[in-house]
Amino acid sequence: MCLFSFVITGGRYAVWAKEVSGSERNCSAIPPYLPPTAVNTTLRLRDLRASMIPLNISAYIIPATDAHLVTSKDCQKWKVILRGKTGTAVITQNKAVLWTDSRYWIQAERQMDCNWELQRDASIRSITNWLILEIPEGDQVGFDPFLFSVGEQTELIKYFLMTWQMKVDQIRAQISDNPYKPTAVLLSALDETAWLFNLRGNDIPFNPFFYSYTLLSMDEIWLFVHIERITEELKVYLNTSCYHSYCVQLLEYSSVRTYLQSYLQRPSVRVWVGTEYTNQALYELITPEDKRLTSTYSPVLTTKAVKDATEQRILKEAHVRDAVAVMQLLMWLEKKVPEGTENELTAAHFVDQCRSKQKNSRGPSFETISASGPNAALAHYSPSNETARKLSVDEMYLVDSGGQYLDGTTDITRTVHWGKPTDFQKEAYTRVLMGNIEISRTIFPAGTRGVNMEMLGRRALWEVGLNYGHGTGHGVGNYFGVHEWPVGFQSNNIPFQEGMFTSIEPGYYKENDFGIRIEDIAVTVPAITKYGNNYLTFETVSLVPYDRKLINTSLLSPEQLHWLNKYYETIRSMVGPELERQALKEEYDWMMKHTAPFLTAGASAVISSVTLLVTVLPSVLLYNLL
């Protein structure tokens, strides 16, 4: 069934452009402005959406091709918007979106009405990412299979379900495309093998990894593990009983050196290794030198760093549930600390308990840093029975904790004070927050390295002669390591691309007194700019409010204050429904109280005027009555 498609009038583009030369639509104007060339699609979209309902389709994809993968002219009564050469539309019950390339951006803006959004990345990946983020899990997406090539359908399906065989294809494609002609890649980092085969283990505390190596060539796969731990079910999953290019040959973990040496004796082989995570014992085996190809990171690590749309969605969902646990901790501490009964260790245990009750929980992602007063000045202090300090309303408290969930890994730091902070503590905290916000709200070209933005996290501190001695951020995984390279803000991190998750965590530590760190996880997303394209920004996915008592809003710029209020709106819209779903009324009220908007200077003036009016009116009424 063809519901509608674009009609391409080849050869008329230059003439058509001349005919419609002029202004573009402005849908943000009041009232919206549409040029004479815009096509009113309201009725056509209404009819299309009505036809989708009995088919139980939440979204419909329309390419610009027919069954022979050329310009379609079958459904002309449904033609919408674009008479260029390329374009793909997706229609849902409340959105209509067009993807096209740069040749047609201006044309589309002149011919689309305000029913439509324009997406400027016309790749299949961009479309599937949008679908996964917009369409609820379990809903159906429709498209006409006669209008898509085999390759396009494969791409569509691949981003909805990434099997290990698909990942093997991804890495083999990079081996094949490498101009230095490697024949195999050696994977030594534990998360590389876990990612490649969609497997997890429990050999490493706080990390779902298992001891392993992988050697992957264009036609063979060798997995070095403790074979006695591999179940029959896993053997079937890995196709271990066959010998073609998608069959995994299981070898003992301890045999990796022997087998690597055997492989290197074959003629014309070259092994690709990432030097950051290949141990010296294996590296030095790869001789002579012309049989070794090195890069800082393996193709698996750089590929894994960019999360697909499914990974992005579920990692965000994990952070919503994680926010519930952290809010429960902070609310509990507000009540218990004044009683003088809790210490650093009991607080750490409590947040672990809160996380354990959340869906898909698999324990903490690292040992909780629960630190009060001078202990918090030690950036990576963890309490013990011997060192645990009693929590007090007279000291600042820092808690850096995280959880492992089947759908994601979390890491978040909040610093609070339950009494009366000093002016210096408030200033230091606010300046740390300013650094967090400045990185979070920055817009930058895709491909920018984190090290070139890192100073944004320090600038507000530098202005008054303060600083911190640790990194500003690191990558984080999908039920992987809480520190996932090569993403972050250090000099050896790779450039940022859309879909990368990183922590943003500036801080300040006054020796023997207190420590401050504010850490959030954020994902790189496309930024809408006035002129340029291919720009990115950060979307914060950690969703726990900051301590209002420690924020001096007079230090914040209007832009920073606006960002903070928008962030609090996001917390309410994302975490609020989850708190209600879990019937956590007290926590919901706590969240609403702590995410109340901060007033801008203009808003404060309005409030003052209203207050004055309310105060004066009774006197006027009394005078009139007399």
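Just so it is clear, the structure is predicted and the values come from calculations on it, not from any experiment.

A.B. asks: How do you make sense of the state of the cysteines when you look at a structure like this?
C.D. replies: Formally, a disulfide is one covalent bond, and it connects the sulfur atom of one cysteine to the sulfur atom of another. What the rule picks out here adds up to two disulfides. Here C27 is linked by a disulfide to C114, with a sulfur-sulfur distance of 2.0 Å. Disulfide C27 to C114: torsion about the S-S bond roughly -95°, handedness left-handed. Highlighted residues: C27 in the loop between helix 1 (13-19) and helix 2 (42-52) and C114 in the loop between helix 3 (105-111) and strand 4 (116-119), separated in sequence by 87 residues. C114 sits in the partly exposed class, given a relative accessible area of 34%. Here C242 pairs with C247 through a disulfide, and the sulfurs are 1.8 Å apart. As the torsion about the S-S bond is roughly -105°, the C242-C247 disulfide counts as left-handed. Overall, C247 belongs to the buried group, its relative accessible area being 2%.

A.B. asks: Mind showing me how you'd approach the sheet that holds strand 15 (residues 403-405) here?
C.D. replies: Backbone hydrogen bonds are what pair the strands of a sheet, in a parallel or an antiparallel way. Overall, antiparallel pairing links the three strands, which are arranged 12-15-16 in an open sheet. In the strand order of this sheet, the two ends are held by strand 12 (361-364) and strand 16 (408-409), each with one partner. In terms of strand pairing, strand 15 meets strand 16 through two bridges, oriented antiparallel. Note on strand 16: the bridge partner recorded for Y405 is G408.

A.B. asks: Just checking my understanding: could you explain the sheet that holds strand 9 (residues 248-252) for this structure?
C.D. replies: Taken in spatial order, the six strands make up an open sheet running 9-8-7-6-10-11, and their pairing is mixed. This sheet does not close on itself; its edge strands, each paired only once, are strand 9 and strand 11 (292-295). Strand after strand, the sheet turns through a mean of 20° between neighbouring axes, direction not considered. Here strand 7 (residues 213-217) pairs with strand 8 (residues 221-225) via four bridges, running antiparallel. Its bridge partner lying in strand 8, T214 is registered against L223. Across the sheet, helix 6 (residues 164-177) lies against strand 6 (184-187), strand 7, strand 8, strand 9 and strand 10 (271-274), angled at about 65° from strand 7, the strand it touches most. Contacts between helix 9 (residues 256-264) and the sheet are confined to strand 6, strand 7, strand 8, strand 9 and strand 10, with strand 8 contributing the most and set at about 160° to the helix.

A.B. asks: Explanation requested: the environment of I132 in the structure shown.
C.D. replies: Take I132: it is sitting in helix 4 (residues 124-134). The exposure class assigned to I132 is buried, which follows from its relative accessible area of 4%. Remark: the alpha-carbon pair of I132 and T310, spanning 178 residues in sequence, is separated by 6.1 Å.

A.B. asks: Is there a simple way to think about the nonpolar core in this case?
C.D. replies: It is characteristic of soluble globular proteins that their nonpolar side chains tend to be buried jointly. L333 and Y546 are the most contacted members of the largest nonpolar core, which has 61 residues in total. Among the elements that make up this core, the one with the highest residue count is helix 12 (residues 309-336) (11 residues). Not counting the four nearest positions on each side in its chain, L333 is found in contact with P338, A347, L391, Y397 and W418.

A.B. asks: Just to check I follow, could you spell out unusual backbone geometry for this structure?
C.D. replies: Leaving glycine aside, a negative phi is the common case for residues, and trans is the common case for peptide bonds. Looking along the chain, the bond that leaves I30 and enters P31 is cis, with omega of -5°. In this structure, P31 sits in the loop between helix 1 and helix 2. Note the cis peptide between W485 and P486, where omega equals 15°. A positive phi angle is found at K181, which is not glycine, with a value near 55°.

A.B. asks: Explain the pairing of strand 25 (residues 535-540) here, please?
C.D. replies: Both faces of the sheet carry side chains from a regular strand, because those side chains alternate between them. As paired elements, strand 18 (residues 444-445) and strand 25 share two bridges and run antiparallel to each other. Residue pairing for strand 25: P445 is matched across the bridge by Y535.

A.B. asks: How do you make sense of the side chain of T410 when you look at a structure like this?
C.D. replies: Counting through the fold element by element, T410 comes out in the loop between strand 16 and strand 17 (412-417). Of the polar contacts made by the side chain of T410, one reaches the backbone nitrogen of G403; its length is 2.8 Å. Ignoring any residue separated from it by four or fewer positions in sequence, one finds T410 in contact with A318, H319, D322, R355, S365, F366, S401, G402, G403, Y405 and V482.

A.B. asks: Looking at this structure, how should I read the side chain of T409?
C.D. replies: The topology assignment puts T409 in strand 16. A relative accessible area of 0% places T409 in the buried class. Within the structure, the side chain of T409 is placed 2.7 Å from the side chain of Q404, a separation counted as a polar contact. Within polar-contact distance, the side chain of T409 engages the backbone nitrogen of F480 at 3.0 Å. Look past the residues within four positions of T409 in its chain and what remains in contact with it is L315, H319, S365, G403, Q404, V476, G477, N478, Y479, F480, G481 and V482.

A.B. asks: In this structure, what is going on with the packing of aromatic side chains? I would like to understand it.
C.D. replies: Aromatic ring pairs: the centre-centre distance and the angle between the two ring planes describe each pair. Taken as a whole, this structure holds 23 aromatic pairs when the rule is applied. Aromatic side chains F209 and F480 sit 6.1 Å apart centroid to centroid with 35° between the ring planes, which places their arrangement in the tilted category. Of this pair, F209 sits in the loop between helix 7 (190-196) and strand 7 while F480 sits in the loop between strand 19 (474-475) and strand 20 (484-488), placing them 271 residues apart in sequence. A ring pair is formed by F444 and F538, whose centres lie 5.3 Å apart and whose planes are at 40°; its orientation type is tilted. Taken together, the residues F444 in strand 18 and F538 in strand 25 connect sequence positions 94 residues apart. Accessibility expressed as a relative area gives 6% for F538, which makes it buried.

A.B. asks: Just checking my understanding: could you explain the environment of F210 for this structure?
C.D. replies: Secondary-structure assignment places F210 in the loop between helix 7 and strand 7. A residue is classified by how much of its surface remains accessible, and F210, at 11% relative accessible area, is buried. Considered as a pair, F210 and D191 are 19 residues apart in the sequence and their alpha carbons are 8.5 Å apart. If sequence neighbours within four positions are ignored, F210 has contacts with L190, T193, A194, L199, R200, G201, D203 and V225.

Quick notes on the rules
Residues numbered from 1 in each chain as written. Predicted model: local features only at pLDDT ≥ 70, side-chain atom pairs only at ≥ 80, totals over all residues. Heavy atoms only, no water. Disulfide = S-S within 2.5 Å. Helix = DSSP H or I, 4+ residues; strand = E, 2+ residues; numbered from the N terminus. Buried < 20%, exposed > 50% of the residue type's maximum accessible area, 1.4 Å probe, protein only. Pairing = 2+ DSSP bridges. Axes fitted to C-alpha atoms, helices over the stretch in contact; angles between N-to-C directions. Contact = heavy atoms within 4.5 Å. Core = buried A, V, L, I, M, F, W, Y, C linked by side-chain atoms within 4.5 Å. Polar contact = N/O pair within 3.5 Å; in protein donor to acceptor, adjacent residues only side chain to side chain. Phe/Tyr/Trp six-rings, centres within 6.5 Å; stacked < 30°, edge-to-face > 60°.

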